[in-house]
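Residue-level structure breakdown
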Amino acid sequence: MADPFEAYDDVDDVDDRLHAADPGERRVAIIALGHSGDPAAVAYLAGMTDDPDAGVRQQVALALGEFDGPEAAAALAKVVVDHEHAVATAAADGMAELKDPASADAILPLVSHPHAFVRMATLRALKELRRKDSLKPALDALRDVDASVRVQAIGVIGFLKLEGSIPALTSATSDGDPHVRRAAVSALAFSHVKPATESITRALSDTDWMVREIAAETLGTNVNGIQAADALIQATTDDYWQVRLKAVRSLGKMRVVRAVSAIGACIGHSQANLRKEGAAALGEIADLAGLKFLEPIANDADPEVRKNARWAMQRILANQSATGS
């Protein structure tokens, strides 16, 4: 590994430049330490978190983002509470890049910080670390007054994938904020229990179309999603084509034969993405009844639609030939 201090004559020169009167010179020194990649640089960066110049502190946060582990986490925890938003944001981004689970020890106390931004940044970082002791703080944060904090709390819970957290996630699908409901529905994808699938299915009737969209998509990845096939078929008539598209995609993934007509009805939509997705879904299902919907778009003006339609037709014919039907 290259010497992290190769730009300086000796360690004393590092200190001299880090404490130079000119903030620009201090920033240059910090950039060099960040680019070094040597863990020895973290201690020097940690010593600069209280620099009087906001630009320097921001550069410290950016440089710390190049490192991992408890020492870097502890330094980032000091900077993420900075009164300058640009500094705190850089630190939050650095915390989100931490991968060493031991880093959680330094940042866990911040989940109860007075400022919502800090609570949100902390939960965002804890999500990636996947520490089981972050579950309780995350569950507590579902009652936070700030919706952004609740969204990040759901991220922590979802990444841990513990069936015991399902009641909390299903409750969050009824949250007053649509962003929270979307996050909760998505987080339920991992669950194998029936209540999770039921909550996702109910979300297909949510007042917010983006919640309905994520519900339609999530059912395609949930192990019990097939239980919601009829609800997904109904979703192919949603007022928003984006919801229809995800419903069609999920029905195709699950190869729901009784959905062929509903998917076929989407083939004539003016939105090319929906026509393309409908063709792909019919190809996945590979039922002979799908051909009549695919033939009209085999020469569609959109090349992606044409490609999917022709592939789907070939797959259906091949499947019929293989089964002898």
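Notes on the structure in this doc start here. Values in this document were obtained by computation on a predicted structure and should not be read as measured data. (Residues numbered from 1 in each chain as written. Predicted model: local features only at pLDDT ≥ 70, side-chain atom pairs only at ≥ 80, totals over all residues. Heavy atoms only, no water.)

1. Digging into the overall build of the protein chain
Within the protein chain, the secondary structure is distributed over 20 helices and zero strands. Taking 2.2 N^0.38 as the reference for a compact globule, 325 residues should give roughly 20 Å; the C-alpha atoms of the protein chain span a radius of gyration of 26 Å, well beyond that estimate. Principal-axis analysis of the C-alpha atoms gives the protein chain an extent of 80 × 40 × 30 Å. Here the protein chain holds 325 residues, and the buried ones make up 51% of them. (Helix = DSSP H or I, 4+ residues; strand = E, 2+ residues; numbered from the N terminus. Rg over C-alpha atoms; globule rule 2.2 N^0.38 Å. Buried < 20%, exposed > 50% of the residue type's maximum accessible area, 1.4 Å probe, protein only.)

2. A short note on the pattern of salt bridges
Inspection of the entire model under this criterion finds 22 salt bridges. For the salt bridge of Glu25 with Arg17, the shortest nitrogen-to-oxygen distance reads 3.7 Å. Glu25 sits in the partly exposed class, given a relative accessible area of 32%. For Arg17, a relative accessible area of 23% gives the class partly exposed. The network of salt bridges with common partners includes Asp105, Arg131 and Asp133. (Salt bridge = Lys/Arg side-chain N within 4 Å of Asp/Glu carboxyl O.)

3. Let's talk about the nonpolar core
Core analysis: the largest hydrophobic core is formed by 102 residues, its most contacted members being Ile154 and Leu294. Element by element, the count of residues in this core is highest for helix H10 (residues 147-160), at seven residues. Sequence-distant contacts of Leu294, that is, excluding residues within four places in its chain, are made with Ala279, Leu282, Ala309, Ala312, Met313 and Ile316. (Core = buried A, V, L, I, M, F, W, Y, C linked by side-chain atoms within 4.5 Å. Contact = heavy atoms within 4.5 Å.)

4. What about empty space enclosed by the protein?
Under the criterion given, the structure shown has one cavity of 30 Å³ or more. Considered as a void within the structure, the largest cavity measures approximately 30 Å³ in volume. If one sorts the elements of the lining of the largest cavity by residue count, helix H16 (residues 241-253) sits on top with four residues. Among the residues making up the lining of the largest cavity, the classes are represented as no nonpolar, two polar and four charged. (1 Å grid on protein atoms, 1.4 Å probe; cavity = no way out; pocket = protein on both sides within 12 Å on 5 of 7 lines; lining within 4 Å. Points joined across faces, edges and corners; volume = space filled by probe spheres on them. Nonpolar A, V, L, I, M, F, W, Y, C, P; charged D, E, K, R; others polar.)

5. Looking at the side chain of Ser199
Its place among the elements puts Ser199 in helix H13 (residues 194-202). Judged by relative accessible area, Ser199 falls into the buried class, the value being 2%. A distance of 3.0 Å separates the side chain of Ser199 from the side chain of Arg202, its partner in a polar contact. Those residues within four positions of Ser199 in sequence are excluded, and the remaining contacts are Thr170, Thr173 and Leu188. (Polar contact = N/O pair within 3.5 Å; in protein donor to acceptor, adjacent residues only side chain to side chain.)

6. A word on the environment of Asp230
One can find Asp230 in helix H15 (residues 229-235). At 3.0 Å, the side chain of Asp230 forms a polar contact with the side chain of Arg258.

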